[in-house]
Amino acid sequence: LSSFSPASYPPPRASATMSSADYERMEGGGMGRRRDNSGCLKGALAVAIVAILGLAVAVGYYAHKAGENDDKHGNTPASAMPAAVEADIRRWMDASADPCTDPYKYMCGGFMNDVTLDPDRGIESITYGFFNISMRTTKEQFGILADHFPFIGPFFDGCRDTAALDAAGMSVLDTYFGMIDGAGDSLDDVLRVAGKLQVSGVASTAGPSWDVQADLSDATPYRLYISPGGLTIPGVDLSGIKTDFTGLVSTYLAGAGHEWSDPANATAAAEVVYDLENAIFQQAWSQIEAYSTPDYFRFAIGNSTTGTLAQLSAPSVTGLPLASLVEGITSFVTPEDPTVDIDSAVVIGAPALQNLGKLLSATPISSIKTYLKWHVVWSSMPWLADPLRTAAANLQAQGVTSPDWSITRDDHVIVSAARWGKVNDPPSNAEEASAAIRAALAAGGAAGRTPPGFDALGDDDNFDPYRAYLCMQSTVTHFTSLFSHEWVAANFPAGNKAVGQALVEDIRGAMQDTINDAAWLADTTRAAALDKLSKIAANVAYPSSWTGHIGLRMTGGFFADRATSLRWGFARSLATVGHPVDRHGFTRSMDLMTQNAFYQPTTNSINMLAGLMLDPMFSADWPQMLNTASYGYVIGHEITHGFDNNGRWFDGVGAFRDWWEEADSAEFDRRAQCLINQYSSFTYWGLPVSGANTLGENIADEGGVENSWRAYQKIKPDAPLMEGFTNDQLFFLKLGQTWCTKDTKDAATQQLKDVHSPGKFRIIGPLSNFEPYADAFSCSAADLPGGRSKTPDACKVW
């Protein structure tokens, strides 16, 4: 495999297929149209993905050798095995390793030897399968942009037109600053403006933040959820780095001009921003560290308060004028938009919000307005004229981003590596934040270096791979459904959805057998578990009908169009409040091109996105056992999330309800503790794995192995598919190679903070507890890591 970059984006041309009106009315599967994207991309672009099940897999490329490893498992004839799949399996394994004592090296030793990392270019971690698909998908996404479809093409062009952004200057901020300056002198007035800003792309404001989601306690209706608002650098105590933080704020306010053109004004404003932001962290955010725990849902439900906006605004709850905030949020709803009627909400973390209310009530309104203006600048930087646009790139290179920059915590690696090479991870403490701020400010107005491989960029001398990727991500964020529709129509194999749907039911049946065979469950608990399993909604690949963009009117001018698009999307989200939750379908905001799959407890649904249902993970053209081993594991993992340490607290409709007999719950905890202890005994790069933090994912990994194996037993071919291996051995090879991962110590250090175990232990952990693996390779109990699978000490929840 090799890496690539987008070729120079061609000039706008007429849509080849659909008009804007067609896009507004868009319905139907949209399948059958396929596009030849050859020649769309040239050069080299480091690409990162958010991998399956939330695992962050950083950017990279690698070269492989042509040779195959020798096997040591006899000479049985083979039949019906796809040559490319066999070549990959043999290439990435190390047949000289012992599958019993070192299963990871046996399955992934060739991969570890052949993959090339390049930390100086930001290439620090590669996971097989996900990487292959992400490289191909990114190329295809740029091919879609090259076709210049309505909404998608003009938005992307406007984002990339830096000359137009420079010509517009900082005047594009005038509307927002006018809102703030024109507000009255009460907390009601400024929270009303904060609401208006939040639906215009300024998520981090002095007021609370909000979201629309299924009711965590009821699961029947959608609710408006309100929680403490965001900060410039979330989770970081600024009290020890005041000089660095105020330097960052004053520098970027000065870059925005307006009243801060005078350096003295910028310095004074930075002091105001620091004082309020530090107070917000100390008095509100410091109380909600539990928000980041793996047990978030139970925490959120245990710390939530439901009521009317008037009730929640009482001093005994939040002391914040929430009705004014909601009035601002809904102020942009037009007659063309769906009806929005919100008179109640759910507050998460009422004590923190109560402290926030007391703080804001005691803060001069002028200070809150200055704080709001800072967040307008901070949220808008990538979409503004230089020097702030380049400053955003400098910040991203240090891992510092705003949630309004339309890139995820992990995507910052992609866009920054394209400009800078090696990038830092987001700061998690004051020391890291201080270093990031200093490095970003030291970069000044420099445009950054172009890493090796970006010298063949096509005919457009002004092509900037960093900007192109950032703008592509932003376009996907704003027009997710449209973009996903075009990608599916052009690139998704026609037969994969039906095969995937059938495989889901195979794995559901396997999980039914697993639950029935769980002798430790009481009949009442088993019945409730089977009921929940039967009600899991399976959303596979892409929707049966697609949502359009009725009522969206783009007026021209990227900055304004970006806000218009956001408001249009928020209006439709807010209109669902109070209405029944739709469990059987992908939401408008799901990026179906992402290499991901996930379980949603509040809807009791698994969402198997099309972006991962591709070779080398899945293909309708493969023998069934190969799909069952690789993608069947993924499905089994997601279904098992419904019965892990978090998912088990929700019932068949997604309501939070304890349906466990007390003795069964205690036995679950005992079994889970076994896994915690096992994984806590693992070290990676000399650093400990947290068995507690990774528990939910480890339970799901165990379920993925168990249920894909059970499904495989029902369709096991009579003849071996690959010469030299039994089908059982081939099953485990195909399953295990999903997690072949090579990374640097820096990348590994970040991975160990994640809720997923490192790839190595996603193989070793479940298989060392799984007796069929030991049987397939004739391993004794003493052979396997930990010697568990054939002993009473084997850790198994499901």
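Residues numbered from 1 in each chain as written. Predicted model: local features only at pLDDT ≥ 70, side-chain atom pairs only at ≥ 80, totals over all residues. Heavy atoms only, no water.

Trainee: I tried to follow empty space enclosed by the protein on my own but got confused; where do I start?
Mentor: To find leftover empty space, one rolls a probe the size of a water molecule over the atoms. Tallied over the full model, the rule gives two cavities of 30 Å³ or more. Lining the largest cavity are Ile89, Tyr128, Pro616, Met617, Ser630, Lys734, Gln737 and Thr738. If you add up the space inside the second largest cavity, you get close to 30 Å³. Taken together, Val199, Ile329, Phe332, Val333, Arg567, Phe570 and Ala571 make up the lining of the second largest cavity. In terms of residue count, the dominant contributor to the lining of the second largest cavity is helix H23 (residues 558-574) (three residues). The class makeup of the residues in the lining of the second largest cavity is six nonpolar, no polar and one charged. (1 Å grid on protein atoms, 1.4 Å probe; cavity = no way out; pocket = protein on both sides within 12 Å on 5 of 7 lines; lining within 4 Å. Points joined across faces, edges and corners; volume = space filled by probe spheres on them. Helix = DSSP H or I, 4+ residues; strand = E, 2+ residues; numbered from the N terminus. Nonpolar A, V, L, I, M, F, W, Y, C, P; charged D, E, K, R; others polar.)

Trainee: Would you explain helix H13 (residues 322-329) in this entry?
Mentor: Since the α-helix packs 3.6 residues into each turn, any two residues three or four apart lie on the same face. A large share of H13 lies buried, amounting to six of its eight residues. Buried within H13 are the following residues: Leu322, Ser324, Leu325, Val326, Gly328 and Ile329. (Buried < 20%, exposed > 50% of the residue type's maximum accessible area, 1.4 Å probe, protein only.)

Trainee: In this structure, what is going on with the confidence of the model for the protein? I would like to understand it.
Mentor: Caution applies to low-pLDDT regions: their predicted coordinates should not be interpreted in detail. Taken residue by residue, the protein gives an average pLDDT of 82. The fraction at 70 or more is 81%. Note on residues 408-420: pLDDT is under 50 here. Beyond four places in sequence and across chains, it has 56 contacts. Long-range and interchain partners of residues 446-459, a stretch whose pLDDT sits below 50, account for 36 contacts in this model, where long-range means more than four residues apart. (pLDDT = per-residue confidence, 0-100. Contact = heavy atoms within 4.5 Å.)

Trainee: Before we go on, may I ask you to explain the packing of helix H24 (residues 624-641) against helix H26 (residues 695-715) in this structure?
Mentor: How two helices pack is summed up by the angle between their axes together with the distance between the axes. Their axes nearest at 6 Å, the elements H24 and H26 cross at an angle of 140°. The angle between H24 and H26 falls in the class oblique. Our pair here, H24 against H26, has a crossing hand that is right-handed. Among the residues making up the contact of H24 with H26, the classes are represented as eight nonpolar, twelve polar and two charged. (Axes fitted to C-alpha atoms, helices over the stretch in contact; angles between N-to-C directions. Parallel < 35°, antiparallel > 145°, perpendicular 65-115°, else oblique. Left-handed = near helix turned anticlockwise from the far one by under 90°.)

Trainee: For this particular structure, what's the right way to read the nonpolar core?
Mentor: The nonpolar side chains of a soluble globular protein tend to be buried, and buried together. Core analysis: the biggest nonpolar cluster contains 218 residues, and Leu224, Phe643, Phe732 and Trp798 have the highest contact counts within it. Here the element with the most residues in this core is helix H10 (residues 263-283); it accounts for nine residues. Setting aside chain neighbours within four positions, we find Leu224 in contact with Trp210, Asp211, Val212, Val326, Ile342, Ser344, Ala345, Val346, Leu574 and Val577. One finds Tyr225, Ile301, Val346 and Phe650 within the second-largest nonpolar core, a separate group that totals eight residues. (Core = buried A, V, L, I, M, F, W, Y, C linked by side-chain atoms within 4.5 Å.)

Trainee: Got a minute to help me understand helix H2 (residues 83-92) in this structure?
Mentor: The buried fraction of H2 is high, at seven of ten residues. Where H2 is concerned, the buried positions are Val85, Ala87, Asp88, Ile89, Arg90, Arg91 and Trp92. Residues of H2 that are buried in the fold lie against helix H3 (103-114), H24 and helix H27 (727-736).

Trainee: Help me understand the environment of Arg657 in this model?
Mentor: By the secondary structure assignment, Arg657 is in the loop between H24 and helix H25 (662-680). When the C-alpha positions of Arg657 and Ser217 are compared, they lie 7.8 Å apart, and in sequence the two are 440 residues distant. Look past the residues within four positions of Arg657 in its chain and what remains in contact with it is Arg648, Trp649, Phe650 and Asp651.

Trainee: Honestly, the sheet that holds strand S10 (residues 537-541) in this entry has me stumped. Any pointers?
Mentor: Sheets are built from strands paired through backbone hydrogen bonds, the pairs being either parallel or antiparallel. Reading across the sheet, the three strands line up as S10-S12-S11 and stay open at both edges, with mixed pairing between neighbours. Whereas interior strands pair on both sides, the edge strands pair on one side only; in this sheet they are S10 and strand S11 (597-600). With direction set aside, neighbouring strand axes in the sheet form an average angle of 10°. Two elements, S11 and strand S12 (residues 605-609), share four bridges in a ladder whose sense is antiparallel. Of the residues in S12, the one forming a bridge with Ala597 is Met608. (Pairing = 2+ DSSP bridges.)

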